[in-house]
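Chain by chain, the residues:
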Amino acid sequence: MPGKPKFYLTTPIYYTNGLPHIGHTYTTIVADVIRRYKRMRGFEVVMTTGTDEHGVNVERAAKKAGIPESEFVARMAAAWRGLWDELGLTADEFVRTTDLQHVRTVQWLFRLCRENGYVYKGHYTGQYCIYDNAFVNDAKRGDNCPDCGRPTETVTEENYFFKLSAFQQPLLDFYKKNPDFIQPETRRNEIVSFVEGGLKDLSITRTTIRWGIPVPGEEPHVFYVWFDALTAYLSAVGGPEYEQRGMWPADVHLVGKDIIRFHTVYWPAFLMAAMLPVPKQVWAHGWFLMDSSKMSKSKGNVIVPRPIANMLGMDALRYFLLREVVFGQDGNFSYDALVTRYNSDLANGLGNLASRTAALLEKICGGQIPKPMERKPQDEALAKETQAAIGEVLENYENMSFARALEAIWSAIASADKYLTTEQPWALSNSDQEQSRKATILWTTAELLRIVTVLAHPVLPVSTAKIWTLLGLPGSVAAVELDGLRWGQLAPGKQLGKAQTLFPRVEKNEAIERIEAMANEERNPAPAAKPTASATPAGAAAVPQAAPEKIGIEDFAKVEMRVGQIKTAERIVGADKLLKLTVDIGTEIRQICAGIAQYYEPEKLIGRKVAVVVNLAPRKLRGVESNGMVIAAAVGPEGRPVLAGFPDEDVEIGSRLK
Ligand code: MSP
C-alpha cells in the first residue's frame with residue numbers, strides 16, 4: 001500500500017531577544033491550522049518552528065541580563081517553547097540554532113556552496129558602530145548608529161562572500177517555471193522586479209561578531225545570521241541526512257512580508273549553489289498592526305497572546321486572527337473587534353447552535369440522534385446547501401483563503417439557525433406525523449452541525465472536539481477524512497454525550513479590562529508572584545529562589561489575619577484555577593480570589609469559615625480584583641490546596657489570628 005503523501009511546512013524561527021507577541025502567534029497559528037487541515041486530507045505532515053539564537057542582538061541582551069549568551073538563549077528558547085505548548089501550538093520539530101545538529105548542517109551547506117565554487121574571500125566595507133561592535137546594515141557614510149545614536153565609522157573587514165550575482169538568471173528562470181513559488185501574487189511581482197534589478201554578492205561570514213556558528217578552520221569567522229537561520233529548515237528534517245527523513249524540500253515556508261526577500265532570493269540561491277532541492281512555496285502574510293502602526297516594545301503597543309487565551313480560549317484567538325483579515329494582507333488588531341466577534345460568531349453562532357441542538361435533541365428525542373423520516377423541500381435545500389459548502393470550504397482552505405473558508409462555514413451555521421426558527425420543532429405536537437417531522441428536523445440540524453464541526457476543526461480544535469463529544473460521535477473529529485465528508489453520514493440511534501461548555505458569553509468592557517489587566521501583570525509581574533518561565537523575559541523561573549530567612553516577631557506582626565466567612569463563591573471565565581469569593585471579615589465584605597477552583601466546588605464553600613490575610617495590598621489576578629488572601633495548606637507534590645479553618649469551635653467572624 002503506498003504511504004501517505006508528505007507535507008512539510010515551517011514557521012520562521014523566531015528571534016530570542018524578545019518573547020512571542022500576537023504577530024509571531026499569528027504565523028504559528030496559521031501553520032497549525034494548515035497542519036491540521038492537511039492531516040485531515042490524508043497527508044503525513046511535519047510542521048517546524050524554532051528559535052534564531054545567534055547574532056549581535058543576543059550578545060547585547062545577554063550582556064544586559066548579566067549572563068552568558070548560552071544561558072540566555074536556553075532560557076528564552078524554553079520560554080518560547082513553553083508558550084507554544086501552553087497555547088496548543090507544539091510543533092513537530094523545534095530547532096534551536098545552537099543545536100549541534102543545526103551547527104553541523106550550516107557548516108555542511110557552506111562547504112557544499114564552497115566546493116561548487118560559489119564562495120570566495122573578499123572584503124566587506126560598511127558603516128560600523130565601535131560602541132556596539134557591529135556593522136549597521138544599510139547605513140551610509142556619516143550616519144549615526146540607530147541603536148546608540150553615536151556616529152558610525154567606515155570599516156573594512158575580511159569576509160566570505162556568496163556569489164549571489166551568479167543566480168540572477170537561474171532565479172528568474174525558476175520563478176517563471178514555478179509561478180506559485182512566491183505567494184501572494186503581489187509579492188511575487190515585487191521579488192521578480194527586485195531580482196531583475198540585479199543582485200550583488202552577499203557577505204555570509206563576520207569577524208566582528210563573536211556569538212555565531214564558527215566557520216570551520218576559519219575562526220574568528222562566524223556565519224552571518226541569515227545564512228545560519230534559513231538553514232534551520234533543513235536541519236529540522238535531517239540536515240545532511242535529509243534524504244532519509246524524506247521531508248525535504250519544504251512544501252510551504254510561511255513567513256511575514258518583512259522577511260520574504262531572504263526566503264525567495266537568498267535561500268533558493270544557497271540551495272541551488274549546494275545543488276539541493278529548492279522549497280516549493282513561500283507564502284508571505286501581512287502584519288497585524290495596532291492602531292495602524294507596527295507593534296513594538298518601545299511604543300508599548302505589543303499584544304501578547306496568553307491573556308486572550310486565558311479569557312476567551314485559544315480557539316477564539318485563532319478564529320479571530322483568521323477571520324478578521326484576508327490572509328496575505330495587513331490588518332488591525334483590536335480587543336474590541338476580538339470580543340465582538342467572540343460574542344457574535346462563537347457564543348451566539350456556533351456555540352448557540354450546538355447547545356440549542358443538543359437541548360432540543362434531549363427534550364424532543366430523548367437525547368438520541370433520531371432517524372430522519374420523509375424529507376420536505378426545505379430539508380433537501382439545506383442538505384444541498386451544506387454539501388456545496390463542503391466543497392467551498394475545502395477549496396478555500398487549499399488556497400489559504402481562511403477568512404472565506406470560515407465565512408462559508410458560518411453561513412451554514414446561519415442557515416441552520418434560520419431553519420430551526422422557521423421549522424419550530426418545539427411547537428409541533430406529539431401526533432405520529434408531527435413526531436416524524438420533528439425527527440427529520442432535528443436529524444437535519446444535527447447533521448449540519450456535524451459537518452460544520454468537521455470543517456471548522458482545523459481552526460477551532462478544542463471546541464469542535466467538545467461538540468463531537470456532545471453529539472456522541474465516534475472516534476475523534478481530527479481523524480475524520482475531509483475527502484470523504486458528505487451530507488447524510490450521521491447515524492441515527494446514537495446517544496448524545498456529556499454537555500460541554502463552549503463559548504460562554506462575556507460582557508465586552510469587562511472582558512477587555514480583564515485581558516488588559518492580565519497583559520499588564522505579564523509585562524510587570526508582581527515581585528512576590530511566582531514567576532513563570534514564559535512570563536519573564538530573562539527566564540527568571542530558572543533562577544533559584546533564595547532560601548527563606550528567619551523573621552522576627554515584629555515582621556510576623558505586620559501580617560494581619562482574621563477569621564472570615566465565605567458569603568459567595570463563583571468560577572471565573574478564563575481562569576480555571578481561580579474562584580471569586582466574597583468574604584465577610586467582620587468589619588466589611590471583601591472580594592478575594594483564591595486558587596482553589598480545581599479542588600473545591602463553589603457551592604460547598606458558602607458559609608465556611610476561613611483564615612484570611614486582610615492587610616495584603618489589593619491586586620488583580622487574571623484581571624479580577626483580589627483584596628486579601630485566604631490561607632490554605634499546599635499538600636503533596638502538586639501543592640493541592642486545603643483551606644485552613646475552624647471545624648471544632650464556633651469562632652466569631654473577624655477574630656484576629658495570632
Ligand atoms: N529570525 C527571523 C526569521 C528567520 S527565519 C529563517 C525573524 N524573526 S522574528 O522573531 O522577527 O519573527 C518574524 C516573523 O514573525 C515574521 O516574519 C512574521 O512571521 C511574524 N511577525 C512579527 N511581527 C508581526 C506582526 N506584527 N504581524 C504579523 N506577523 C508578524 O524575522
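Residues numbered from 1 in each chain as written. Predicted model: local features only at pLDDT ≥ 70, side-chain atom pairs only at ≥ 80, totals over all residues. Heavy atoms only, no water.

Spatial ordering of the open sheet is given by β5-β4-β6-β8, a layout of 4 strands whose pairing is antiparallel. Two strands close off the open sheet at either side, each with one partner strand: β5 (134-135) and β8 (202-203). Here strand β6 (residues 153-162) runs beside β8; their pairing, made up of 2 bridges, is antiparallel. Paired with Phe-162 across the strands is Leu-202, a residue of β8. (Pairing = 2+ DSSP bridges. Helix = DSSP H or I, 4+ residues; strand = E, 2+ residues; numbered from the N terminus.)

On to the sheet that holds strand β3 (residues 93-96), then. Reading across the sheet, the 6 strands line up as β3-β2-β1-β11-β12-β7 and stay open at both edges, with parallel pairing between neighbours. Of all the strands in the sheet, the pair left with one neighbour each is β3 and β7 (182-183). Sheet topology note: the strand β1 (residues 6-15)/strand β11 (residues 252-256) ladder contains 2 bridges and is parallel. Within β11, the position partnered with Thr-10 by the bridge is His-253.

Attention shifts here to unusual backbone geometry. Geometrically, the link from Gln-183 to Pro-184 is a cis peptide bond, its omega value of -10° lying close to zero. Considering the arrangement of structural elements, one finds Pro-184 in the loop between β7 and α6 (185-196). Residue Trp-248 is joined to Pro-249 through a cis peptide bond whose omega torsion reads 10°. Of note, the phi angle at Met-275 is positive, near 60°, even though the residue is not glycine. With respect to the element layout, Met-275 can be found in the loop between α10 (260-273) and β12 (282-285).

For the rest of this paragraph, the subject is α6. Over its 12 residues, α6 extends 17 Å from the first C-alpha to the last, a length consistent with the 16 Å expected when each residue adds 1.5 Å. Positioned one or two residues after α6, Gly-198 has a phi angle of 105°, which is positive. (Expected span 1.5 Å × (residues − 1).)

Right, let's talk about the site of the ligand for a bit. In the vicinity of the ligand, 22 residues are found, and the nearest of them are Ile-13, Thr-27, Asp-52, Gly-256 and Phe-288. Thr-27 is positioned such that a nitrogen or oxygen atom in its side chain is 2.8 Å from an oxygen atom of the ligand. Here the ligand, which alone exposes 660 Å², has 95% of that area covered by the protein. Every element with two or more residues in the shell around the ligand is listed here: β1, α1 (22-40), α7 (225-230) and β11. In the shell around the ligand, the residues fall into 12 nonpolar, 8 polar and 2 charged. (Near = heavy atom within 4 Å. Polar contact = N/O pair within 3.5 Å; in protein donor to acceptor, adjacent residues only side chain to side chain. Areas by Shrake-Rupley, 256 points an atom, 1.4 Å probe, with all protein chains shown as cover. Nonpolar A, V, L, I, M, F, W, Y, C, P; charged D, E, K, R; others polar.)

Scanning the entire structure with this criterion turns up 35 aromatic pairs. Arranged with centres 5.0 Å apart and planes meeting at 5°, the rings of Tyr-14 and Trp-80 form a pair that is stacked. Here the residue Tyr-14 occupies a position in strand β1, and Trp-80 occupies one in helix α3 (residues 69-86), the gap between them amounting to 66 residues. In this structure, Tyr-14 and Trp-80 share a single accessibility class: buried. With a centroid separation of 6.5 Å and 50° between ring planes, the pair formed by Trp-108 and Tyr-242 is classed as tilted. Of this pair, Trp-108 sits in helix α4 (residues 100-115) while Tyr-242 sits in helix α9 (residues 242-245); the two residues are 134 residues apart in sequence, bridging distant segments of the chain. In this pair, the class of Trp-108 matches that of Tyr-242, namely buried. Put simply, the rings of Phe-110, Tyr-118, Tyr-160, Phe-162, Phe-167, Phe-223, Trp-226, Phe-227, Phe-262, Tyr-266 and Phe-270 pair up and form one aromatic cluster. The residue whose ring lies beneath Lys-38 is Phe-43, and the NZ or CZ to ring-centre distance is 4.5 Å. (Phe/Tyr/Trp six-rings, centres within 6.5 Å; stacked < 30°, edge-to-face > 60°. Buried < 20%, exposed > 50% of the residue type's maximum accessible area, 1.4 Å probe, protein only. Lys NZ or Arg CZ within 6 Å of the ring centre and 35° of its normal.)

Turning our eyes to something else, we now look at a nonpolar patch on the surface. On the surface, a cluster of nonpolar side chains totalling about 330 Å² of accessible area is made up of Ile-551, Ile-553 and Phe-556. Along the chain, the position of Ile-551 falls in the loop between α18 (508-523) and α19 (553-556). (Patch = residues over 30% accessible without salt bridge, like charges linked within 9 Å, V, L, I, M, F, W, Y side chains within 5 Å. Salt bridge = Lys/Arg side-chain N within 4 Å of Asp/Glu carboxyl O.)

By the element assignment, Thr-357 lies in helix α13 (residues 335-365). Owing to a relative accessible area of 0%, Thr-357 belongs among the buried residues under this scheme. A distance of 2.5 Å separates the side chain of Thr-357 from the backbone oxygen of Leu-353, its partner in a polar contact. Beyond its immediate chain neighbours, meaning those up to four positions away, Thr-357 contacts Thr-445, Ala-446 and Leu-449. (Contact = heavy atoms within 4.5 Å.)

Here we take up the pattern of salt bridges. In the structure shown here, the tally under the stated rule is 38 salt bridges. Arg-36 serves as the salt-bridge partner of Asp-32, at 2.8 Å between the closest nitrogen and oxygen. Of this pair, Asp-32 and Arg-36 both sit in helix α1, 4 residues apart, which is roughly one turn of the helix. With a closest N to O distance of 3.1 Å, Glu-93 and Arg-245 form a salt bridge. With Glu-93 in strand β3 and Arg-245 in helix α9, the pair connects residues that are 152 residues apart, well separated along the chain. Within this structure, Asp-32, Arg-35, Arg-36, Arg-39, Asp-92 and Arg-318 form a network of salt bridges that share partners.

Between α13 and helix α16 (residues 432-456), the least distance of the axes is 10 Å, while the angle of their chain directions is 145°. Seen along the crossing, α13 lies across α16 with a hand that is left-handed. Contacts from Leu-350, Leu-353, Ala-354, Thr-357, Leu-360, Leu-361, Ile-364 and Cys-365 of α13 reach α16 at Lys-438, Leu-442, Thr-445, Ala-446, Leu-448, Leu-449 and Val-452. Tallied by class, residues from the contact of α13 with α16 come to 12 nonpolar, 2 polar and 1 charged. (Axes fitted to C-alpha atoms, helices over the stretch in contact; angles between N-to-C directions. Left-handed = near helix turned anticlockwise from the far one by under 90°.)

It is worth spelling out the pairing of strand β18 (residues 609-613) at this point. Taking burial as the measure, the 5 residues of β18 include 4 buried ones, the bulk of the element. Here strand β15 (residues 561-572) pairs with β18 via 5 bridges, running antiparallel. Bridging across to β18, Arg-562 finds its partner in Val-612. Note that β18 and strand β21 (residues 629-630) share 2 bridges and pair antiparallel. Within the sheet, the bridge partner assigned to Val-612 lies in β21 and is Val-630.

This part is about the environment of Ile-390. Position of Ile-390 among the secondary structure elements: in helix α14 (residues 377-398). Residue Ile-390 is classed as buried on the basis of its relative accessible area of 5%. Taking the C-alpha atoms as reference, Ile-390 lies 8.8 Å from Leu-482; in sequence the two are 92 residues apart. When sequence neighbours within four positions are dropped, the list of residues in contact with Ile-390 reads Ile-451, Leu-455, Leu-485, Arg-486 and Trp-487.

Bringing the packing of α4 against α10 into the picture now. Two elements in contact, α4 and α10, have axes whose closest approach is 8 Å; the angle formed by their N-to-C orientations is 65°. Viewed along their axes, α4 and α10 adopt a mutual orientation that is roughly perpendicular. Contact residues: α4 offers Leu-109, Leu-112 and Cys-113, while α10 offers Trp-267, Phe-270 and Ala-273. Looking at the contact of α4 with α10 residue by residue, the classes come out as 6 nonpolar, no polar and no charged. (Parallel < 35°, antiparallel > 145°, perpendicular 65-115°, else oblique.)

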